[in-house]
Amino acid sequence: MRKGVKRWLWYGLSLALAVGILAVLLGRQRWADFSQTLGAVDGRWLAGVVVLAGVYWLVRTARWRWMTSLEEAGVGWPTAWVSMLAGLGVGLITPLRSGEVVRPMFVPRGARMRLAGLVVIERMFDLSAVLTLCILGVFYMVFAGGVKLAGGATLPPWLLLACPPLLAVALGVPLLVHFRPARLWALLSRALPGKAKELAEVRLDRRQFVIFFLTSMLSESLSVLTVYFCLQAYGEIDLLTACALAPVVMLHNILPATPGGFGIRESLAVAVFGLMKLPGLSQAAILAAYLTNPIILLVIPGAVGVGGAWVAGVIRQIEAEAAG
């Protein structure tokens, strides 16, 4: 089977999986309750989500501009915005966030491969930030005692045993990129084919390491706040409780089997929040919030980015280069 056919078959299967999961989740709802939840939405909180989404993408776009400057291929703000959001848009319709590789296509060819390596590193730091927020959330839920299970019991202290492995994963991969153990990098260089060997040449100094980590922490914290605002738009939840639980749901990115994580994210949210005693949030409110959040934070900006790239002729240029 041709490679292109296999790729589109995989895309089709992943899309079907997302649609199937969402259909099951929606099918379990009482439509009267779900419609009432949607009708009672507080638009002021959703307006706050829009503002936070703008700040979120401003932070990520500023980091992308900084990343291009590291390879002496700096781009202006208009190109940075379009490339960032176009990569998001393509990533939403492909599994494994493979659309992220579109971003380097907006810079000169000589820097593209190493920038692709930096994009991979960026994703690693984002995961590191989410895991760090998960650790903070576990400590809050265990020691504060304000978050209880659905049966009324408090979370057991043995949950703290999950923190050391989470911390190891959170810091392990970025530290490997920073220190680059000679034997491991030699194996990686031999394993990567052709021009992809340039990915193994990417190295971060201390300042770059700190910038990547801090911007990831800032952007992922903003993402968590957008979830809190969406939950408040459809129900009531304590800020710290939302900030403790939302990063756990964000771990769905580890297994990006569906385009944009749709289906998996919503089902995990219903499961995680449903385990807790949250009288101000119904299942319908949780599902509505987690459907609204990616539309505002991901789908709309992604559509704007793809549209901007098409108007600028970049999409056609990329297709022509791929054909050549």
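Just so you know, these numbers come straight off a predicted model, no measurement behind them. (Residues numbered from 1 in each chain as written. Predicted model: local features only at pLDDT ≥ 70, side-chain atom pairs only at ≥ 80, totals over all residues. Heavy atoms only, no water.)

K.L.:
Go over the overall build of the protein with me, naming the residues and quoting the values.
P.N.:
In terms of regular secondary structure, the protein is built from 12 helices and zero strands. Shown N-terminal to C-terminal, the secondary structure of the protein runs as helices and strands in the order α-α-α-α-α-α-α-α-α-α-α-α. Per-residue burial for the protein yields a buried fraction of 46% across its 324 residues. (Helix = DSSP H or I, 4+ residues; strand = E, 2+ residues; numbered from the N terminus. Buried < 20%, exposed > 50% of the residue type's maximum accessible area, 1.4 Å probe, protein only.)

K.L.:
An account of the confidence of the model for the protein is requested, with residue identities and associated values reported.
P.N.:
Interpretation of this model should avoid reading the predicted coordinates in detail wherever pLDDT is low. Here the protein averages 80 in pLDDT, while 79% of its residues score no lower than 70. Taken element by element, the predicted model of the protein shows its lowest mean pLDDT in helix α12 (residues 314-323) (53) and its highest in helix α3 (residues 43-70) (95). (pLDDT = per-residue confidence, 0-100.)

K.L.:
Explain a nonpolar patch on the surface residue by residue, including any values.
P.N.:
A surface patch of nonpolar side chains, amounting to about 330 Å² of accessible area, comprises I295, V299, I300 and V304. Relative to the elements of secondary structure, I300 occurs in helix α11 (residues 283-311). (Patch = residues over 30% accessible without salt bridge, like charges linked within 9 Å, V, L, I, M, F, W, Y side chains within 5 Å. Areas by Shrake-Rupley, 256 points an atom, 1.4 Å probe, with all protein chains shown as cover. Salt bridge = Lys/Arg side-chain N within 4 Å of Asp/Glu carboxyl O.)

K.L.:
Lay out the packing of α3 against helix α8 (residues 206-234) with the relevant residues and their values.
P.N.:
The angle between the axes and the distance between the axes are what describe a pair of packed helices. As a packed pair, α3 and α8 sit with axes 9 Å apart at the nearest point and diverge in direction by 165°. By the criterion of interaxial angle, the relationship of α3 to α8 is roughly antiparallel. Judged by the twist between their axes, the crossing of α3 over α8 is left-handed. (Axes fitted to C-alpha atoms, helices over the stretch in contact; angles between N-to-C directions. Parallel < 35°, antiparallel > 145°, perpendicular 65-115°, else oblique. Left-handed = near helix turned anticlockwise from the far one by under 90°.)

K.L.:
Before we move on, could you go through the pattern of salt bridges and cite the residues and values that matter?
P.N.:
On inspection of all chains with the given rule, the structure shows seven salt bridges. Here R265 and E266 are joined by a salt bridge, their closest N and O atoms 3.3 Å apart. On the accessibility criterion, R265 (6% relative accessible area) is buried. In this structure E266 comes out as buried when scored by relative accessible area, which is 0%. Salt bridges sharing partners connect three or more residues here, namely R60, R63, E122, R123, D126 and E220.

K.L.:
Tell me about the packing of aromatic side chains, residues and numbers included.
P.N.:
The relation between two aromatic rings is expressed through the spacing of the ring centres and the mutual angle of the planes. A full pass over the atoms with the stated rule returns nine aromatic pairs. A centroid spacing of 5.2 Å and a plane angle of 65° characterise the contact between W66 and F212, whose relative ring orientation is edge-to-face. Of this pair, W66 sits in helix α3 while F212 sits in helix α8, placing them 146 residues apart in sequence. Assessed through its relative accessible area of 14%, W66 is described here as buried. (Phe/Tyr/Trp six-rings, centres within 6.5 Å; stacked < 30°, edge-to-face > 60°.)

K.L.:
Provide a residue-level description of the packing of helix α9 (residues 239-250) against helix α10 (residues 264-274), including the pertinent values.
P.N.:
The contact between α9 and α10 brings their axes to 9 Å, and the two run at 140°. Remark: the crossing between α9 and α10 carries right-handed chirality. Contact residues: L245, A246, V248 and V249 in α9; R265, L268, A269, V272 and F273 in α10. (Contact = heavy atoms within 4.5 Å.)

K.L.:
Describe helix α4 (residues 77-92), listing the residues and the values that go with them.
P.N.:
Each full turn of the α-helix corresponds to 3.6 residues, which orients residues three or four apart in the same direction. Taking 1.5 Å as the rise per residue, α4 with 16 residues should run 22 Å; its terminal C-alpha atoms sit 22 Å apart, in good agreement. By the burial criterion, the buried members of α4 are A80, S83, M84, L85, A86, G87, L88, G89, G91 and L92. (Expected span 1.5 Å × (residues − 1).)

K.L.:
Could you give an account of the environment of H252, with specific residues and numbers?
P.N.:
As for its position among the elements, H252 is in the loop between α9 and α10. Beyond its immediate sequence surroundings of up to four residues, H252 is in contact with G261, I264, R265 and L268. Side chain to side chain, H252 and R265 meet in a polar contact 3.5 Å long. (Polar contact = N/O pair within 3.5 Å; in protein donor to acceptor, adjacent residues only side chain to side chain.)

K.L.:
Residue-level account of the side chain of T292, with values.
P.N.:
Position of T292 among the secondary structure elements: in helix α11. At 2.8 Å, the side chain of T292 forms a polar contact with the backbone oxygen of A288. Those residues in contact with T292 that sit more than four places away from it in its chain are L46, C230 and Y234.

K.L.:
If you had to explain the nonpolar core to someone new, which residues and values would you point to?
P.N.:
Ranked by size, the top nonpolar core spans 69 residues in total, and within it W57, M67, L231, I237, F273, L281 and Y290 carry the most contacts. Broken down by secondary-structure element, the contributors of at least two residues to this core are α3, α4, α5 (109-144), α8, α9, α10 and α11. (Core = buried A, V, L, I, M, F, W, Y, C linked by side-chain atoms within 4.5 Å.)

K.L.:
If you had to explain the environment of T132 to someone new, which residues and values would you point to?
P.N.:
Summarising the element assignment, T132 is placed in helix α5. A relative accessible area of 17% places T132 in the buried class. Sequence separation between T132 and L171 is 39 residues, and the spatial gap between their C-alpha atoms is 8.7 Å. When neighbours within four sequence positions are excluded, T132 is seen to be in contact with A170, F213 and M217.

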